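Here is how the chains run, residue by residue.
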Amino acid sequence: MLTTASVPDRDKVAYWNDAVSRTLVPMTVAPREDGPFDGRISSARLGYLQVSTVEADAERASRTPALIARSSEPLVAVGVQVSGTATFVQEGRRAEVGAGDLVVYDTNRPYTFDYPRRFATHVFQLPRRALGVPDGDIRRVAGDAIGTGDGFGAMLSPFLTALASSPTGAYPPAVANRLAGHVVDLLATLITERAHAGSTEADARSHLMRRVLDHINRNLGDPELSPEGIAREHRISVRYLHRLFEGEGTTVGRFIRQRRLEECGRELARRGRTAPTVSAVAQRWGFVSPAHFSRTFRAAYGVSPREWRDLRTSQDGPRG
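Residues numbered from 1 in each chain as written. Predicted model: local features only at pLDDT ≥ 70, side-chain atom pairs only at ≥ 80, totals over all residues. Heavy atoms only, no water.

(A) Molecular detail of the overall build of the protein. Looking only at helices and strands, the protein has 12 helices and 12 strands in total. Looking at the protein residue by residue over its 320 residues, the buried ones come to 47%. For the protein, contacts bridging at least 24 residues in sequence account for 69% of all contacts bridging at least 6. When the accessible area of the protein is evaluated, it comes to approximately 15900 Å², of which 50% is carbon and sulfur surface. (Helix = DSSP H or I, 4+ residues; strand = E, 2+ residues; numbered from the N terminus. Buried < 20%, exposed > 50% of the residue type's maximum accessible area, 1.4 Å probe, protein only. Contact = heavy atoms within 4.5 Å. Areas by Shrake-Rupley, 256 points an atom, 1.4 Å probe, with all protein chains shown as cover.)

(B) Focus on the packing of aromatic side chains. Scanning the entire structure with this criterion turns up 15 aromatic pairs. Look at Phe 287 and Phe 293: their rings are 4.9 Å apart centre to centre, the planes differ by 50°, and that puts the pair in the tilted class. Chaining the aromatic ring pairs together yields one cluster made of Phe 88, Tyr 105, Tyr 111, Phe 113, Tyr 115 and Phe 119. (Phe/Tyr/Trp six-rings, centres within 6.5 Å; stacked < 30°, edge-to-face > 60°.)

(C) Spotlight on the sheet that holds strand S10 (residues 111-115). Strand order in the open sheet formed by five strands is S2-S5-S10-S7-S8, with antiparallel pairing between adjacent strands. Edge positions in the sheet fall to strand S2 (28-31) and strand S8 (93-97), since each has one partner strand and no second. Ignoring strand direction, the axes of neighbouring strands in this sheet form an average angle of 10°. Across five bridges, the pairing between strand S7 (residues 86-90) and S8 is antiparallel. Paired with Thr 87 across the strands is Glu 96, a residue of S8. This element, helix H1 (residues 12-23), spans S2 and strand S5 (59-63) of the sheet and lies at about 140° to S2. (Pairing = 2+ DSSP bridges. Axes fitted to C-alpha atoms, helices over the stretch in contact; angles between N-to-C directions.)

(D) Representation of unusual backbone geometry. Of note in this structure, Arg 235 is not a glycine but carries a positive phi near 55°. Considering the arrangement of structural elements, one finds Arg 235 in the loop between helix H7 (227-233) and helix H8 (238-246).

(E) Representation of empty space enclosed by the protein in the model. Throughout the structure, instances matching the rule amount to three cavities of 30 Å³ or more. If you go around the largest cavity, you meet 16 residues; those closest to its centre are Leu 24, Met 27, Phe 113, Tyr 115 and Val 123. When contributions to the lining of the largest cavity are tallied by element, the ones reaching two or more residues are S5, S10 and strand S11 (119-127). Taken together, the residues of the lining of the largest cavity break down into 13 nonpolar, two polar and one charged. (1 Å grid on protein atoms, 1.4 Å probe; cavity = no way out; pocket = protein on both sides within 12 Å on 5 of 7 lines; lining within 4 Å. Points joined across faces, edges and corners; volume = space filled by probe spheres on them. Nonpolar A, V, L, I, M, F, W, Y, C, P; charged D, E, K, R; others polar.)

(F) View of helix H11 (residues 290-301). Given a rise of 1.5 Å per residue, 12 residues ought to cover 16 Å, and the 16 Å separating the end C-alpha atoms of H11 matches this to within 8%. Inspection of H11 places Phe 293, Thr 296 and Phe 297 among the buried residues, and these make up the whole buried set. The buried residues of H11 occupy one face: seen down the axis, they fall within an arc of 100°. Away from the buried face of H11 by more than 90 degrees, exposed residues Arg 295 and Ala 299 are located. (Expected span 1.5 Å × (residues − 1). Arc of directions from axis to C-beta.)

(G) Spotlight on the environment of Thr 53. Inspection of the secondary structure puts Thr 53 in strand S4 (residues 49-56). Thr 53 sits 27 residues away from Val 80 along the chain, and the two C-alpha atoms are 9.4 Å apart. Leaving out residues up to four positions away in the same chain, Thr 53 has contacts with Arg 40, Ile 41, Ser 42, Thr 121, His 122 and Ala 164. A polar atom in the side chain of Thr 53 sits 2.8 Å from the side chain of His 122. (Polar contact = N/O pair within 3.5 Å; in protein donor to acceptor, adjacent residues only side chain to side chain.)

(H) Structural view of the packing of helix H4 (residues 153-165) against helix H5 (residues 173-195). Running from amino to carboxyl end, H4 crosses H5 at an angle of 150°, the nearest separation of the two axes being 11 Å. Compared by their axis directions, H4 and H5 come out roughly antiparallel. In this structure, H4 meets H5 at a crossing whose hand is left-handed. In this structure, H4 contributes Gly 153, Met 155, Leu 156, Phe 159, Leu 160 and Leu 163 to the contact, and H5 contributes Leu 179, Val 183, Leu 186, Leu 187 and Leu 190. Per-class residue counts for the contact of H4 with H5 are 10 nonpolar, one polar and no charged. (Parallel < 35°, antiparallel > 145°, perpendicular 65-115°, else oblique. Left-handed = near helix turned anticlockwise from the far one by under 90°.)

(I) Local environment of the side chain of Asp 137. With respect to the helices, strands and loops of the structure, Asp 137 is situated in helix H3 (residues 135-141). Residue Asp 137 is classed as buried on the basis of its relative accessible area of 3%. Looking at Asp 137, its side chain comes within polar contact range of the side chain of Arg 140, at 2.6 Å.

(J) Here's a closer look at the pairing of S11. Taking burial as the measure, the nine residues of S11 include nine buried ones, the bulk of the element. Note: S4 against S11, seven bridges, orientation antiparallel. Within S11, the residue paired with Val 54 across the bridge is Thr 121.

(K) Quick look at the layout of surface pockets. The space that makes up the largest pocket amounts to roughly 450 Å³. Together, 18 residues line the largest pocket, and Arg 178, His 215, Asn 219, Asp 222 and Glu 233 are the ones closest to its centre.

Here you go:
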């Protein structure tokens, strides 16, 4: 949905505050100059991302603890400065943001943006839980101005700018969801890269492995989950992905199969008035063929899925 607000002369400050707070997150916005004020804000959804563009005269925007307390889900945001400059402060860290720069911030912690003259910026917001990186990494990166010639930012900034400039509704839902996933993975990579810039190669491999495992766990129900797709999502080669799992004493395929079996076993053992069928459980966790699932389950646990369910539920007492 596209929302556009052009601030009228009457009660312009209150109107603009309301427009910004409804579109982004609750904030206090104050023009830096007396006289007429002009501001425009537009917003659209891209999967689970919210993509907004703000263009306005000089202002100062503040996110206070009281406003944070009124918000629901914590978000991570990345701003792409299109024109003008900004001074961003979060948790005592200060960044001077110029045209083309990125800045990452956490909406669940106080911050301020100070724009000394007319500006334009794109803002990408996503649920913090979707990012899959530790809070500590986000805090290390928040408050840094990331330039287009600065490592991973050189690739991310043009990509985000192109997405924000696309017409509303330009992508069908399936494509929009995939693009949102790419943004999340790129942003997670950027945060990890900068948060651990001085870390060793072993540290980098460990962080990458955690992201790969998190991706697998989030997509176990997708029957198309494969080493090729996982490598593509994380922008590494399939060969390197296999090397990561060699260090864990297993293979990609074995890990996926084991995790699926664990989830199936957990669900089959759950007590309840209406137990799901074995085939329904298998399909929910990415097994295409019920017969193949039953063979694989028996090979791993020594009993069939139905026998497993009967054994586990009888040990736990009657279902109710």
